[in-house]
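Coordinate analysis (summary)
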Amino acid sequence: MTRPFNFRMPREVIFEAGCSALAASKAAALGAKRPVFVTGRSMAESSELARLLDGAKAAGMEPLHWREVEPEPPAALLYRAAADIRDFGGDCLIAFGGGSSMDFAKMAAVLAKYPAIRVDEMVGSERVPARGLPTVMIPTTAGSGSEVSAVAVFSFPEDKMKKGVASGNMVADAALVDPLLTLGLPAHITAAAGMDALVHAVESYLSLGTNRLTQDLALAAIRKIVPNLALCVREPGNIGARTAQAYGSLTAGMAFAMSGTAGVHAMAYPLGGEFHVPHGEANTAMLRWVMEYNLEGCSEKFVPIAEAMGIRTEGMSPERAASAALDAMIALGEECGVKTRLRDFGIPKEACSRMAPAAMKEKRLIGNNPRKLTEEAVRKIYERAW
Ligand SMILES: [Fe+2]
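The shown structure was predicted, so the numbers you read here are calculated from the model rather than taken from an experiment.

1. Side note on the sheet that holds strand β7 (residues 151–156)
Strand order across the open sheet formed by three strands is β5-β8-β7, with mixed pairing between neighbours. Across the chains shown, the open sheet's two edge strands, defined by having one partner strand only, are β5 (124–125) and β7. Of the strand pairs in this sheet, β5 and strand β8 (residues 161–166) are connected by two bridges, and their pairing is parallel. Looking at the pairing, Ser 125 lines up with Ala 166 of β8.

Pasting the structure below:
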């Protein structure tokens, strides 16, 4: 029998080409009259967003567009957003963007309703005391899974760290996954987000907190991502590949929403916190080296992953199947053009020794890793990755 699990999802998850057009009606169903569309600067000018704003006005609402989300958003920016939302009288947040915008909206929704809450006190598991304003998530990349997860990650520049807030109170009310929004996304963003999704699937499958449903979802995600990601990078307008990748990202998000991620994410955070390496790129850079470490003693766990990647494992030892799976992950990252060495990001070698204790602070993720991670092991992995 499988281990128990707790599957917390938005009340509605819609996956359909064109479904982002439902933004206004979903917000209205949540009682919104003054919805706030939350975006970063790059999505702020998109014609799709203009259509959604027009749709909200046509439905008799008075929308606000808050467009200041920064990549890897600093926690302090949340207070400004929350104050602006309160001043406007916003009653629902609609995130339109990648993981940064969705994470931001999930936390801003809580702060807008409860001004006394401090973000740094919410870091960790289940510290958010109540649900905030209703939220609708519209991902425009295929990777973060933030539309269905309970996690939001922020940077804290004063201590050069990225930290995660995980709480059932931050699960969105509705997620509108519209693969059409990812058409034409630039290659490097497609690649980084897509590799992030692959890492979500692999890490949640291997996580010590995994369960049968996580594993089924993770393998389904791997089956979609592996044959389609490079195709999305090469052919940005390939709707079949984009749809498959969006489905892979969504199912990987559902998988890690239950079981969490592990060592790759923990070790990627200091790359973002101190050196501002974008999340997906940081994960891809760490993937190979953490998985190499995980292979030892955990090979059998990689066999179903290898099979989901399309590797014929009959007659192979678990060790061979596991290293074939790892080779295929590395090859996919390379084919997509994502960097795999820390030095390629301009990170100095001596940073490895201070990033190790920083990564160990991600106890939630470090503790999930299938092979026990000590600070010494983490430092050595960083050095190999350098
Ligand atoms: Fe991630």
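2. Let's talk about the UniProt feature "domain: Fe-containing alcohol dehydrogenase-like C-terminal" (unreviewed entry) in the protein chain
Cross-referencing UniProt, the feature "domain: Fe-containing alcohol dehydrogenase-like C-terminal" (unreviewed entry) maps to residues 190–386 in the present numbering. Regarding residues 190–386, the helix share stands at 75% and the strand share at 0%, and the terminal C-alpha atoms are separated by 24 Å.

3. Quick notes on the packing of helix α4 (residues 75–88) against helix α5 (residues 99–113)
For the pair α4 and α5, the least separation of the axes is 9 Å and the interaxial angle reads 60°. As far as their axial angle goes, α5 and α4 are oblique. In this structure, α4 meets α5 at a crossing whose hand is right-handed. For the pair formed by α4 and α5, the contact residues are Leu 77, Leu 78, Tyr 79, Ala 81, Ala 82, Ile 85 and Arg 86 on the first element and Phe 104, Met 107, Ala 108, Leu 111 and Ala 112 on the second. Residues that form the contact of α4 with α5 fall into these classes: 11 nonpolar, no polar and one charged.

4. Considerations on the domain arrangement of the protein chain
Domain annotation of the protein chain identifies domain 1 (12–182) and domain 2 (187–385). For domain 1 versus domain 2, the separation of C-alpha centres amounts to 25 Å. The interface is formed by 24 residues belonging to domain 1 together with 30 residues belonging to domain 2. In this assembly, domain 1 and domain 2 are joined by zero salt bridges. There are four residue pairs in polar contact (both at pLDDT 80 or more) connecting domain 1 and domain 2. Secondary structure elements with two or more residues in the side of domain 1 that touches domain 2: β1 (12–15), β7 and β8. For the side of domain 1 that touches domain 2, the element with the most residues is β8, which contributes five residues.

The rules behind each value
Residues numbered from 1 in each chain as written. Predicted model: local features only at pLDDT ≥ 70, side-chain atom pairs only at ≥ 80, totals over all residues. Heavy atoms only, no water. Pairing = 2+ DSSP bridges. Helix = DSSP H or I, 4+ residues; strand = E, 2+ residues; numbered from the N terminus. UniProt positions renumbered as here; feature names shortened; annotations may be inferred. Axes fitted to C-alpha atoms, helices over the stretch in contact; angles between N-to-C directions. Parallel < 35°, antiparallel > 145°, perpendicular 65-115°, else oblique. Left-handed = near helix turned anticlockwise from the far one by under 90°. Contact = heavy atoms within 4.5 Å. Nonpolar A, V, L, I, M, F, W, Y, C, P; charged D, E, K, R; others polar. Domains from an automatic or database assignment. Salt bridge = Lys/Arg side-chain N within 4 Å of Asp/Glu carboxyl O. Polar contact = N/O pair within 3.5 Å; in protein donor to acceptor, adjacent residues only side chain to side chain.

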